[in-house]
Amino acid sequence: MEPGKDIIVNSWAEVQSALFDHSWNENIKRFRSSYVYRGSWSKEYDLSTSLTRLGSRYYELEPHILRNFRKYAHSNSAPGDSVWNWLAVAQHHGLPTRLLDWTYSPYVALHFATQNLSSYHEDGAIWCVDYVKANDFLPLKLQTAIKEEGSNVFTPEILQPVCSSLKELALLQNKEYVVFLEPPSLDARIVHQYALFSLMSTAQANMSQWLEQHPELYFRVIIPAGLKWEIRDKLDQANITERVLFPGLQGLSQWLKRHYTHE
C-alpha cells in the first residue's frame, strides 16, 4: 500500500488486509507492525487535540491548566511527579491537553471508529502511523536516549532525564516533531486498550499537517458508512467491546445498550 494515501475498504476481508498487510518484519521474520492506530467516527476529523478546542489562545492556557490540575489533584494521583506522568493522568481523565490517544491494536482502533451509533451515516477512518520511522525526525538528544534504552517509544522514565518540561521539548529543535509516549498502567482501561499517546513538540503544531509533510509515515483506512454495522457486529463477536475496553459498570451498560439497538 502507498504511504500517505486513503485506502477505501469495502468488506471485512479488505479491512483485515489494509490493517495487517504492512506488519511483516523481515528482520525478525515475524508479523510485528511498526504502526500505531487511531480510530475516528468521521473521515473528516483531523488530528487536532482537545487543547485546541479551548479557543484561539489555547497554547497560552496549556501551562496554567496543567499547573492547576497538579495543584488540585490528590498528591498520589500520578505514579511519578514528572510532567510526563501528570500529562498522561490528565489526558486519561479528560483534561484538555496536547496529547492524542493511540493504540497498538488495529481492532481497538476499529472499535472507536464504530462505537458511536449516531455517526453511522458517516464514513469513518483509521489513522495508521509508523511510530518507528517517526523517531528519525526526533532531536538527536531524544534519538540517543531512546536508542540507548533499546526502545521505539518513550516512557516518562526515559523522557524525564533528557527533557523535563514542555518548554524544553520545544527548545530541543526548531523543526516540529512528534513523540510517542507510553503511559503508566494507570488502570485496566489503559492496559486493555493497548494505549499510548502522541504529543507534538509545540502546542500549536498540528499532527495532521505534520504528517502531510511526511507522507511516508502514514496512511488512512476509510471505513464506508455502509460497512460499519458489519464491522461492529464482528468486533462484538471477537469480544472487542466497551465491556472489555472500559472495565466497570459504565462500559458494561454502553455495550448492552448498543448490543440491543437495531437499525
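Structure's up top.
Scope of this entry: the structure provided in the associated data block. These numbers come from a predicted model, not from an experiment.

**Comments concerning the pairing of strand S6 (residues 124-130)**
Next, step 1: Counting buried positions along S6 gives seven out of seven residues, so the element sits mostly inside the fold.
Next, step 2: Neither face of S6 is exposed, since Gly124, Ile126, Cys128 and Asp130 on one face and Ala125, Trp127 and Val129 on the opposite face are all buried.
Next, step 3: In the sheet, strand S4 (residues 35-40) pairs with S6 via six bridges, with the strands oriented antiparallel. What sits directly across from tyrosine 37, in S6, is cysteine 128.

**Some points on the packing of aromatic side chains**
Next, step 1: Applying the stated rule across the entire model yields 14 aromatic pairs.
Next, step 2: Ring centres 5.0 Å apart and planes at 70° place the aromatic pair tyrosine 120 and tryptophan 229 in the edge-to-face group. Linking tyrosine 120 in the loop between helix H4 (106-114) and S6 with tryptophan 229 in helix H11 (residues 228-237), this pair joins segments that are 109 residues apart in sequence.
Next, step 3: The class for tyrosine 120 is buried, based on a relative accessible area of 11%.
Next, step 4: With a centroid separation of 5.9 Å and 25° between ring planes, the pair formed by tryptophan 127 and tyrosine 218 is classed as stacked. A residue pair is termed long-range when its members are at least 10 positions apart, and tryptophan 127 in strand S6 and tyrosine 218 in strand S9 (residues 218-223) qualify at 91 residues.
Next, step 5: Residue classification places tryptophan 127 among the buried residues on the basis of a relative accessible area of 7%.
Next, step 6: Connected via pairs of aromatic rings, a cluster forms that spans Trp102, Tyr104, Tyr131, Phe180 and Tyr194.
Next, step 7: Between arginine 220 and the ring centre of tryptophan 127, over which it is positioned, the NZ or CZ distance is 5.1 Å.
Next, step 8: Positioned above the aromatic ring of tryptophan 255 is the side chain of arginine 243, whose terminal nitrogen or guanidinium carbon lies 5.1 Å from the ring centre.

**Description of the nonpolar core**
Next, step 1: If you look at the biggest cluster of nonpolar residues, it comprises 29 residues, and the most contacted ones within it are Trp84, Leu142, Phe154, Leu159, Leu169, Val179 and Leu199.
Next, step 2: At the level of elements, helix H2 (58-72), helix H3 (83-92), helix H6 (140-149), helix H7 (156-159), helix H8 (166-171), strand S7 (178-181) and strand S8 (195-200) are the ones that each hand at least two residues to this core.

**What about the pattern of salt bridges?**
Next, step 1: Taken as a whole and judged by the stated rule, the model has 11 salt bridges.
Next, step 2: A salt bridge links arginine 57 to glutamate 60; the shortest N-O distance between them is 2.4 Å.
Next, step 3: Residue classification places arginine 57 among the partly exposed positions, given a relative accessible area of 45%.
Next, step 4: Here aspartate 236 makes a salt bridge to arginine 258, at a shortest N to O gap of 2.5 Å. Within this pair, whereas aspartate 236 is found in helix H11, its partner arginine 258 is found in helix H13 (residues 249-259), the two being separated by 22 residues in sequence.

**Some words on the side chain of threonine 241**
Next, step 1: For threonine 241, the location among the structural elements is in the loop between H11 and helix H12 (242-245).
Next, step 2: Discounting residues that sit within four places of it in the chain, threonine 241 has contacts with His111, Arg232, Asp236, Trp255 and Arg258.

Criteria and thresholds
Positions within a chain are numbered from 1, following the residues in the order the chain's sequence is written. Where totals are concerned, whole chains, interfaces and linings use all residues; where local detail is concerned, this predicted model gives features only for residues with pLDDT of at least 70, and gives and counts side-chain atom pairs only at 80 or more. Water and hydrogen atoms were dropped before computing side-chain values, which therefore reflect all heavy atoms in the structure. Working definition: with a 1.4 Å probe on protein chains only, accessible area under 20% of the residue-type maximum means buried, over 50% means exposed, and in between means partly exposed. By the criteria applied, helices consist of DSSP H or I runs no shorter than four residues and strands consist of E runs no shorter than two, each listed in order from the N terminus. When DSSP finds two or more bridges between two strands, those strands count as paired. Between the rings of Phe, Tyr and Trp (Trp by its six-membered ring), a pair exists once the centres lie within 6.5 Å; its type follows the angle of the planes, with under 30 degrees stacked, over 60 edge-to-face, and the other angles tilted. Throughout this description, the term charge over a ring refers to an Arg CZ or Lys NZ atom that lies within 6 Å of the ring centre and within 35 degrees of the ring normal. Throughout, nonpolar core names a set of buried Ala, Val, Leu, Ile, Met, Phe, Trp, Tyr and Cys residues whose side chains join them through atoms within 4.5 Å. For this analysis, a salt bridge means a side-chain nitrogen from Lys or Arg found within 4 Å of a carboxyl oxygen belonging to Asp or Glu. In what follows, residue pairs with any heavy atoms lying within 4.5 Å of each other are defined as contacts.

By themselves, these figures tell us nothing about what the structure is for.
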